[in-house]
Amino acid sequence: MELTSALAWLTTCLLLTLTSSTDPQSLISRRNLLGNGLGSTPPMGWSSWNYFNCKIDEATIKQTADALVSTGLAKLGYKYVNIDDCWAESSRDDKGALVPKRTTFPSGIKVLADYVHSKGLKLGIYSDAGFYTCSKEQPGSLGHEEQDAQTFASWGIDFLKYDNCNNDGSRPTLRYPVMTRALMKTKRPIFFNLCEWGDMHPALWGYTVGNSWRTTNDISDTWESMVSRADQNEVYADFARPGGWNDPDMLEVGNGGMTKNEYIVHFSIWAISKSPLVIGCDVRNISKETMEIIANKEVIAVNQDKLGVQAKKVRMEGDWEVWAGPLTHDRIAVLLLNRGAWLTSITAHWEDIGIAPATTFKARDLWKHKTLKPRFTGNLTDSVEAHACKMFILSPVY
Ligand SMILES: *[C@@H]1O[C@H](CO)[C@@H](O)[C@H](O)[C@H]1NC(C)=O
Ligand SMILES: *[C@@H]1O[C@H](CO)[C@@H](O)[C@H](O)[C@H]1NC(C)=O
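Predicted model, so just to flag it, every value in this text is computed and none were measured.

(A) The site of ligand 2, seen in detail. For ligand 2, the full set of nearby residues is Thr347, His349, Thr377 and Asn379. Take asparagine 379: an N or O atom from its side chain is 2.2 Å from an oxygen atom of ligand 2. The fraction of the free accessible surface of ligand 2 (360 Å²) that becomes covered by protein chains is 34%. Its residues assigned to classes, the shell around ligand 2 comprises no nonpolar, four polar and no charged.

Written out as structure tokens, the structure reads:
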């Protein structure tokens, strides 16, 4: 007993010494997190759902992994290759295990994981905290959490999206932690994405259960759907932090339902909101225009900034909004958003952003890839087209 407590004390001292170099904010916020070490910045990758729905097979997944590498997207951080719903047979095997669909995944998931890993990528999979998944084509994991977590770990799975369909009516706060514990028990670090659609305000409890939590219902490929998810997600900005992120759903960029400017708004808001950046189009056949958006390194860097603070709306005036959030090195990310139908001039006031009015900043336009000539003191004004945005990093000039 004595020895055990002495050891515990020593371990604590050691941990304190090891972690004292990290900034205090992240120390405090990490205290209660699911301890799998994942998600220190928002996850980046691809998922099959938005473009393929249930029409998936192992060739598509492999070709997508190949395309993530050949397009250069993998190098930019898009590492997770996530198989969504409809990958499994409708019944478990005689030992109760999930079985990859024989017609579409004949080689099995382990082989796919090995392939994806050989490309330096990670493989994600999908299940549901209910009796069967949303497609109703495959069993859910409710009541089979430990067995399914062991199966996923044995295949080399790195990410689990866990949906909320067809459950027993009990609270998600009861059903989701069962899978958290099952995943932890496998000892394999598996990023845990709660897909509870925001019903029970998962931002308030998700950080003890998963690495990210959906704050909204499914996105669709329209401007209205996209901005309404951005709005719903913004409300929970204070709850995002390294290790646990608000998730307004996967990207629709490249799927054809919005204009280029609207997709730029979509990507910019997701980035500044520290949302997971999960591509939802067919990357095997990606257009130059789509690449220009999702491969914008400067915007990705805002999303992946180590500070991990989600931006908020700091001013709304009719159809326009200013979003802002802090970045490392005393910089600030600012988004000027025009939701209206006409070109408009938008001003970001320092006092709205919470910086001293007398401070001078230089401004980098992240879509034009240009540092603006003038320095800015007190405010920054720019004109913004209809359904479009401007995105800047402000850096203090000392
Ligand atoms: C590739 O994308 C273009 C649109 O960018 C589309 O017209 C074409 O059908 C796609 N090809 C395949 C094979 O999906
Ligand atoms: C912006 O700041 C400048 C001073 O730097 C000031 O002259 C101007 O009135 C401000 N504009 C707005 C719209 O607040």
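(B) Quick look at the domain arrangement of the protein. Taken domain by domain, the protein comprises domain 1 (33-303) and domain 2 (312-396). Centre-to-centre, using C-alpha coordinates, domain 1 lies 31 Å away from domain 2. Contacts between the two partners involve 23 residues from domain 1, matched on the other side by 20 residues from domain 2. Summed over both sides, the interface between domain 1 and domain 2 buries roughly 1900 Å², with carbon and sulfur atoms accounting for 67% of that surface. Of all residues in domain 1, Glu234, Ile272 and Glu298 bury the most surface against domain 2, accounting for 29% of the area lost on that side. Linking domain 1 with domain 2 are four salt bridges, by the criterion used here. As a salt-bridge pair, arginine 364 and glutamate 298 come within 2.8 Å of each other at their nearest N and O atoms. Along the contact surface separating domain 1 from domain 2 lie 10 residue pairs in polar contact (both at pLDDT 80 or more). Elements represented by at least two residues in the side of domain 1 that touches domain 2 include exactly helix H8 (223-234), helix H9 (260-272), helix H10 (288-294) and helix H11 (297-303). If one sorts the elements of the side of domain 1 that touches domain 2 by residue count, H9 sits on top with eight residues. Of the residues belonging to the side of domain 1 that touches domain 2, the class tally is 12 nonpolar, four polar and seven charged.

(C) Here's a closer look at the packing of aromatic side chains. For the coordinates displayed, the defined rule picks out 11 aromatic pairs. Here the aromatic rings of tryptophan 87 and tryptophan 155 are separated by 5.7 Å at their centres, their planes lie at 85°, and the arrangement is edge-to-face. Of this pair, tryptophan 87 sits in the loop between strand E2 (80-82) and helix H5 (109-118) while tryptophan 155 sits in helix H6 (residues 145-155), and the two are 68 residues apart along the sequence. Taken individually, tryptophan 87 and tryptophan 155 each receive the classification buried, so the pair is uniform in this respect. Arranged with centres 5.0 Å apart and planes meeting at 0°, the rings of phenylalanine 159 and phenylalanine 191 form a pair that is stacked. Taken together, the positions of phenylalanine 159 in strand E4 (residues 159-163) and phenylalanine 191 in strand E5 (residues 191-194) put the pair 32 residues apart, joining distant regions of the chain. We note that phenylalanine 159, like phenylalanine 191, is buried. Each residue in the set Trp46, Tyr51 and Phe52 is aromatic and connected to the rest through ring pairs, giving one cluster. One cation-aromatic arrangement involves lysine 62 over tyrosine 115; the distance from NZ or CZ to the ring centre is 5.0 Å. If you follow arginine 241 out to its NZ or CZ, it ends over the ring of tyrosine 207, 4.6 Å from the centre.

(D) Local environment of the UniProt feature "domain: Alpha galactosidase C-terminal" (unreviewed entry) in the protein. Within this structure's numbering, the places UniProt gives as "domain: Alpha galactosidase C-terminal" (unreviewed entry) are residues 317-394. End-to-end, the C-alpha atoms of residues 317-394 are 22 Å apart, and along that stretch the chain is 5% helix and 56% strand.

(E) Local environment of the nonpolar core. Ranked by internal contacts, the top residues of the largest apolar core, which has 84 residues, are Leu68, Tyr78, Trp87, Leu123, Phe192 and Phe267. For this core, the element with the highest residue contribution is H9, accounting for eight residues. The residues that make up this core include at least three from each of domain 1 (33-303) and domain 2 (312-396). With near-sequence residues (within four places) excluded, leucine 68 lies in contact with Trp46, Leu73, Ala74, Tyr78, Val81, Leu121, Ile279 and Val283. In this structure, Val322, Ile332, Ile353 and Phe361 belong to the second largest nonpolar core, which totals 19 residues.

(F) Examining H5 more closely. By the burial criterion, the buried members of H5 are Ile109, Leu112, Ala113 and Val116. End-on view of H5: buried residues confined to an arc of 100°, all on one side of the axis. Buried-residue contacts for H5 involve helix H4 (58-70), E2, strand E3 (122-128) and H6. Looking one or two residues past H5, glycine 120 carries a phi angle of roughly 80°, positive in sign.

Rules behind the numbers
Residues numbered from 1 in each chain as written. Chains lettered and ligands numbered in written order. Predicted model: local features only at pLDDT ≥ 70, side-chain atom pairs only at ≥ 80, totals over all residues. Heavy atoms only, no water. Near = heavy atom within 4 Å. Polar contact = N/O pair within 3.5 Å; in protein donor to acceptor, adjacent residues only side chain to side chain. Areas by Shrake-Rupley, 256 points an atom, 1.4 Å probe, with all protein chains shown as cover. Nonpolar A, V, L, I, M, F, W, Y, C, P; charged D, E, K, R; others polar. Domains from an automatic or database assignment. Contact = heavy atoms within 4.5 Å. Buried area = accessible area lost by both parts, 1.4 Å probe. Salt bridge = Lys/Arg side-chain N within 4 Å of Asp/Glu carboxyl O. Helix = DSSP H or I, 4+ residues; strand = E, 2+ residues; numbered from the N terminus. Phe/Tyr/Trp six-rings, centres within 6.5 Å; stacked < 30°, edge-to-face > 60°. Buried < 20%, exposed > 50% of the residue type's maximum accessible area, 1.4 Å probe, protein only. Lys NZ or Arg CZ within 6 Å of the ring centre and 35° of its normal. UniProt positions renumbered as here; feature names shortened; annotations may be inferred. Core = buried A, V, L, I, M, F, W, Y, C linked by side-chain atoms within 4.5 Å. Arc of directions from axis to C-beta.

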